[in-house]
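# Remarks on the overall topology
These are the residues of each chain, in order.
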Amino acid sequence: MTFTVDVHHHVLPDFFWQATNEAGHPAGGIAPPSWSLESALSFLDDSEIDVAITSISTPGVHTGDDAAARKLARQCNEHSAELIRDHPDRFGAFACLPLPDVDGTLIELAYALDDLHLDGVVLFSNARGIYLGDPRLTPLFDELQRRAAVVFIHPNPSPDPSAHALGLPDSLIDYPADTTRAVAQLHYSNTFARTPDATYILSHAGGTVPYLAGRFGIIDAMDVVPGGEHRRSAAEAFRSLYWDTALSWSDPVLSMLRDLVGMDHVVFGSDYPYLRRDLAVSCRAQLERSQELNDDERTAVLGGTALSVIPRLNERRAT
């Protein structure tokens with residue numbers, strides 16, 4: 001079977017779940033099954049996934065208190081590092097950060113990458129209403145650029161209450177929309193342009209970005225957003241990003257990604273355990289069968305491209 005890396009794989013240890021989810025009202029509106037190491041390994045085996053790059057999920061670690069967020073981020077990152085130590089051939093990890101606390105974030109970033117040797121960071125589309133292109137986050141992106149870090153961008157619910165007034169789970173409309181907001185602001189704030197050495201992976205095939213790519217092109221052509229002389233076009237910027245297949249593995253989405261960025265910038269993601277287990281298991285198999293991919297592209301999407309993005313995984317593959 002094709003060597004497979006799951007770049008969108010969540011860990012939900014009890015201490016994180018209890019600190020960030022209200023009983024009966026889980027973040028995003030859908031409660032996943034209880035998480036355990038045993039269930040995660042069983043899923044990887046059943047799905048024929050070789051390595052999972054873990055991350056925490058929405059809402060992140062910050063629920064209103066900087067000190068509590070710093071403590072929870074440290075606990076989550078040390079938990080992830082322990083998973084890697086105990087199962088080095090099955091797990092990598094993206095570190096979580098206590099945004100919007102920038103000072104605490106820079107401290108935790110250094111610890112997670114220099115001491116724990118995690119594989120990159122997960123950033124949420126907004127942190128308590130502050131989107132990733134906000135100038136208050138410039139010190140973080142300067143450091144991500146300096147480190148040439150891998151940055152996994154995952155949605156958070158919109159801070160706008162009206163976005164949640166339809167009685168629908170956030171994963172249906174709001175998560176893709178919030179990813180799109182973050183990507184648009186990162187591009188038009190010139191954050192992507194200022195961080196060319198960072199590697200960005202977008203969850204869920206970039207939300208609605210592939211569908212809206214033509215609109216980005218029109219905005220660029222009309223030159224209505226200041227600072228255009230300091231950035232590439234959106235089309236050029238998108239080709240430098242990576243796009244995962246979590247909840248986005250169907251042939252029509254793959255076709256849009258082929259046209260937008262090329263299949264060499266698409267990576268596999270399952271969204272386990274938020275996606276129901278049988279669906280999460282089947283998504284890899286569907287990519288194996290997809291008529292949209294030729295054999296070389298399939299190898300790249302399932303794992304080959306992830307090996308180039310996170311070279312340390314090659315050591316685990318060799319073992």
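Scroll up to find the structure.
I will try to describe carefully the structure that is included in this document.

Conventions adopted
- Residues numbered from 1 in each chain as written.
- Predicted model: local features only at pLDDT ≥ 70, side-chain atom pairs only at ≥ 80, totals over all residues.
- Heavy atoms only, no water.
- Helix = DSSP H or I, 4+ residues; strand = E, 2+ residues; numbered from the N terminus.
- Rg over C-alpha atoms; globule rule 2.2 N^0.38 Å.
- Buried < 20%, exposed > 50% of the residue type's maximum accessible area, 1.4 Å probe, protein only.
- Contact = heavy atoms within 4.5 Å.
- Areas by Shrake-Rupley, 256 points an atom, 1.4 Å probe, with all protein chains shown as cover.
- Lys, Arg positive; Asp, Glu negative; His and termini not counted.
- Charge placed at Lys NZ, Arg CZ, Asp CG, Glu CD.
- Pairing = 2+ DSSP bridges.
- Disulfide = S-S within 2.5 Å.
- Axes fitted to C-alpha atoms, helices over the stretch in contact; angles between N-to-C directions.
- Parallel < 35°, antiparallel > 145°, perpendicular 65-115°, else oblique.
- Left-handed = near helix turned anticlockwise from the far one by under 90°.
- Nonpolar A, V, L, I, M, F, W, Y, C, P; charged D, E, K, R; others polar.
- Patch = residues over 30% accessible without salt bridge, like charges linked within 9 Å, V, L, I, M, F, W, Y side chains within 5 Å.
- Salt bridge = Lys/Arg side-chain N within 4 Å of Asp/Glu carboxyl O.
- Phe/Tyr/Trp six-rings, centres within 6.5 Å; stacked < 30°, edge-to-face > 60°.

Counting its regular elements, the chain contains 13 helices and 10 strands. The C-alpha atoms of the chain give 18 Å as radius of gyration, which agrees with the globular expectation for 319 residues (20 Å, within 12%). Within the span of the chain, comprising 319 residues, buried residues form 55% of the whole. Considering only residue pairs separated by 6 or more positions, the chain has 79% of its internal contacts joining residues 24 or more positions apart. For the chain, the accessible surface area stands at approximately 13500 Å², while carbon and sulfur atoms represent 52% of it. Taking the 24 positively charged and 44 negatively charged side chains of the chain as two groups, their mean positions are separated by 1 Å.

As a further point, take unusual backbone geometry. Cis geometry marks the peptide bond from Thr58 to Pro59; its omega dihedral reads 10 degrees. When you line up the elements, Pro59 lands in the loop between β2 (51–55) and α3 (66–86). With an omega of 10 degrees, the peptide bond between Leu99 and Pro100 qualifies as cis. Looking at the element boundaries, Pro100 is found in the loop between β3 (91–95) and α4 (102–115). Positive phi, close to 60 degrees, is recorded for Glu48, a residue that is not glycine. Unusually for a residue other than glycine, Leu247 sits at a positive phi of about 60 degrees.

Strand order in the open sheet formed by 8 strands is β1-β2-β3-β4-β7-β8-β9-β10, with parallel pairing between adjacent strands. Because the sheet does not close on itself, it has two edges, and the strands there are β1 (5–10) and β10 (266–267). Bridge count between strand β8 (residues 199–202) and strand β9 (residues 242–244): 2 bridges; the pairing is parallel. Counterpart to Ile201 in the pairing with β9 is Tyr242.

Moving on, we get to the state of the cysteines. Disulfide: a covalent bond formed between the sulfur atoms of two cysteine residues. One pass over the structure, following the stated rule, counts 0 disulfides. As a non-bridged cysteine, Cys76 has Cys96 as the owner of its nearest cysteine sulfur, 4.4 Å distant.

Attention now goes to the packing of α3 against α4. Two numbers describe how α3 lies on α4: the axes approach to 10 Å, and their chain directions differ by 15 degrees. Judged by the angle between their axes, α3 and α4 are roughly parallel. Judged by the twist between their axes, the crossing of α3 over α4 is right-handed. Seen from α3, the contacting residues are Arg70, Ala73, Arg74, Asn77 and Glu78; seen from α4, they are Asp103, Gly104, Ile107, Glu108, Tyr111 and Ala112. Considering only residue class, the contact of α3 with α4 consists of 4 nonpolar, 2 polar and 5 charged.

Taken together, the side chains of Leu166, Leu168, Leu172 and Ile173 make up a nonpolar region of the molecular surface, amounting to roughly 410 Å² of accessible area. Along the polypeptide, Leu168 turns up in the loop between β7 (150–154) and α6 (174–188). Judged by its relative accessible area of 41%, Leu168 is partly exposed.

A separate point is the pattern of salt bridges. Inspection of every chain in the model, using the stated rule, returns 16 salt bridges. Two residues, Arg277 and Asp46, come together in a salt bridge whose shortest N-O distance is 3.0 Å. Taken together, the residues Arg277 in helix α11 (residues 277–289) and Asp46 in helix α2 (residues 37–47) connect sequence positions 231 residues apart. Of the residues examined, Arg277 reaches a relative accessible area of 33% and is grouped as partly exposed. Residue class for Asp46 comes out partly exposed when judged on its relative accessible area of 44%.

A few words on the pairing of β7. Looking along a regular strand, one sees the side chains alternate between the two faces of the sheet. Along β7, 5 of the 5 residues are buried, which leaves the element largely enclosed by surrounding structure. Side chains Val150, Phe152 and His154 project from β7 onto one buried face, and the interleaved Val151 and Ile153 project onto a second face that is buried too. Taken together, the 4 bridges between strand β4 (residues 120–124) and β7 define a ladder with parallel strand orientation. Bridge pairing in β7 places Val121 opposite Val151.

A complete count under the given rule lists 6 aromatic pairs for this structure. Here the aromatic rings of Phe94 and Phe152 are separated by 5.4 Å at their centres, their planes lie at 20 degrees, and the arrangement is stacked. One end of the pair, Phe94, is in strand β3; the other, Phe152, is in strand β7, with 58 residues separating them in the sequence. Neither residue differs from the other here; Phe94 and Phe152 are each classed as buried.

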